[in-house]
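Structure at a glance
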Amino acid sequence: MNYSAMIQNRRSVHAFREKEVSSEAIGQLRSYYEKTCPRLVPEIATELIVLDKDAQPALESSAGYNQFLIGAPHYLLLMSAPHSYAAINAGYMMEDLVLKLTELDIDTCWMTFTDSDKIKKALSLATPLEVAAIVAFGYGEKTARKLRLNILSMSQIDVRAEQQYYAPKKGVHDLVHMGSWSNKSGLDEMMDFYDDMLWQSFYAASLSPSYLNRQPYGFLVQDHSIYLVQQEDAYTDNLDAALDLGIVMLHFSAVASQWAGQVRWELSPAAPDGLPEGLRSAAVYHM
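Residues numbered from 1 in each chain as written. Predicted model: local features only at pLDDT ≥ 70, side-chain atom pairs only at ≥ 80, totals over all residues. Heavy atoms only, no water.

Moving on to the overall build of the protein. A count of helices and strands for the protein gives nine helices and twelve strands. Sorting the 287 residues of the protein into buried and exposed places 55% on the buried side. Pairs at least 24 apart in sequence give 71% of the contacts found in the protein among residues at least 6 apart. Surface exposure of the protein reaches about 13,600 Å², of which carbon and sulfur atoms provide 47%. (Helix = DSSP H or I, 4+ residues; strand = E, 2+ residues; numbered from the N terminus. Buried < 20%, exposed > 50% of the residue type's maximum accessible area, 1.4 Å probe, protein only. Contact = heavy atoms within 4.5 Å. Areas by Shrake-Rupley, 256 points an atom, 1.4 Å probe, with all protein chains shown as cover.)

Shown next as structure tokens:
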């Protein structure tokens, strides 16, 4: 898969046509999940469930986008064994499946939820695994222009039309810090030294979807290591925050691996020097 292209091509849609995805395409997705989909924490047992539109009534009061269920011809449920890293691993894996769907010219939308047991009961799922991530998928409605919704606060909402290029809420220079938090000195020189590999990887990370487009994270480059730093956010709960971290790790590592071989994240590393209060290191990649 050309991750750079798929990350730039992916789009989250909030209105789907009734057209169903072919059984052949769903078969390709299942095969990809079984044979190719990367696992951030391979020892965590997972299961992929594909639902059709008949599942919509059962999901109506249990899942949605910002509490509103998106009607779609199909839904993906990623089930996971209980684990302290289950949600981060699920975000990592499910976003990779989203990019595979993008490669198949199929549109997607991440769903939020708060109660795994309620969903399992509504869908009559008899499994010890827990619901870890949900994505709606199908073919999006055609629109004259794409809008990006940035929720800065519940009273300050920025809606902008996307022009020629996708404009993330936080770009590379907003997300990446050098040596200490908020320091940008040396950032451009470092990226030039690594012959664009890091810029491409950080750019992919900047395009990561996050709950309400909040992007509550950043990167700290320090002593040949790249720390993914989680920031407190009043609008993002623990589950969505963990899914967001998995997604941004997938975007970064998928592109970086195309340049530097397989990239491995170390989860919950010791905190680097210079992190302000309210921030914590979630993962580290040693260059």
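Moving on, we come to the pattern of salt bridges. Throughout the structure, instances matching the rule amount to five salt bridges. Salt-bridge contacts for Arg 10 lead to Glu 95; the nearest nitrogen and oxygen are separated by 2.9 Å. One end of the pair, Arg 10, is in the loop between α1 (3-9) and α2 (23-35); the other, Glu 95, is in helix α4 (residues 86-103), and 85 residues separate them in sequence. Both residues of the pair, Arg 10 and Glu 95, belong to the buried class. A salt bridge links Glu 130 to Lys 120, with the nearest nitrogen and oxygen atoms 3.9 Å apart. Of this pair, Glu 130 sits in strand β5 (residues 130-138) while Lys 120 is found in helix α5 (residues 116-123), placing the two residues ten residues apart along the sequence. Judged by relative accessible area, which is 26%, Glu 130 ranks as partly exposed. (Salt bridge = Lys/Arg side-chain N within 4 Å of Asp/Glu carboxyl O.)

Within this structure, the stated rule accounts for seven aromatic pairs. Ring geometry for Phe 202 versus Phe 252: centroids 5.3 Å apart, planes at 50°, classification tilted. Taken together, the residues Phe 202 in helix α8 (residues 197-206) and Phe 252 in helix α9 (residues 238-260) connect sequence positions 50 residues apart. Owing to a relative accessible area of 0%, Phe 252 belongs among the buried residues under this scheme. Members of the aromatic cluster, each reached through a chain of ring pairs, are Phe 202, Phe 219, Phe 252, Trp 265 and Tyr 285. A cation sits over an aromatic face here: Arg 39 above Tyr 33, 4.7 Å from the ring centre. (Phe/Tyr/Trp six-rings, centres within 6.5 Å; stacked < 30°, edge-to-face > 60°. Lys NZ or Arg CZ within 6 Å of the ring centre and 35° of its normal.)

Before going further, it helps to spend a moment on the nonpolar core. Leu 76, Phe 202, Phe 219 and Met 249 are the most contacted members of the largest nonpolar core, which has 70 residues in total. In terms of residue count, α9 provides more of this core than any other element does, eleven residues in total. For Phe 202, the contacting residues outside a window of four places in its chain are Val 172, Val 176, Met 190, Met 191, Phe 219, Val 221, Ile 226 and Phe 252. Membership of the second largest hydrophobic core comes to 24 residues, among which are Val 13, Ala 55, Ile 70 and Ala 81. (Core = buried A, V, L, I, M, F, W, Y, C linked by side-chain atoms within 4.5 Å.)

Right, let's talk about α5 for a bit. Inspection of α5 places Ser 116, Ile 119, Lys 120 and Leu 123 among the buried residues, and these make up the whole buried set. Along α5, the residues classed as buried sweep out an arc of 100° about the axis, all on the same side. Elements in contact with the buried residues of α5: β1 (46-52), α3 (56-59), β3 (74-80), β4 (107-113) and β5. One side-chain oxygen of the residue at the start of α5 lies 3.1 Å from the amide nitrogen of Asp 117, identifying that residue as Asp 115. The positive-phi residue at the C-terminal boundary of α5 is Ser 124, with phi of around 55°. (Arc of directions from axis to C-beta. Polar contact = N/O pair within 3.5 Å; in protein donor to acceptor, adjacent residues only side chain to side chain.)

Taken N-terminus to C-terminus, the directions of α2 and α4 make an angle of 140°; their axes are 11 Å apart at the nearest point. Relative to α4, α2 is oriented so that their crossing is right-handed. The segment α2 lies against α4, with Leu 29, Tyr 32 and Tyr 33 engaging Met 93, Asp 96, Leu 97, Lys 100 and Leu 101. When its residues are assigned to classes, the contact of α2 with α4 shows six nonpolar, no polar and two charged. (Axes fitted to C-alpha atoms, helices over the stretch in contact; angles between N-to-C directions. Left-handed = near helix turned anticlockwise from the far one by under 90°. Nonpolar A, V, L, I, M, F, W, Y, C, P; charged D, E, K, R; others polar.)

Bringing unusual backbone geometry into the picture now. Look at Asp 105: it is not a glycine, yet its phi comes out positive at around 65°. Take Asp 105: it is sitting in the loop between α4 and β4. At Asn 213, a position not held by glycine, the phi torsion is positive, near 55°. Tracing the backbone through its elements, the reader meets Asn 213 in the loop between α8 and β9 (217-222). Among the residues examined, Asn 213 registers a relative accessible area of 14% and is labelled buried.

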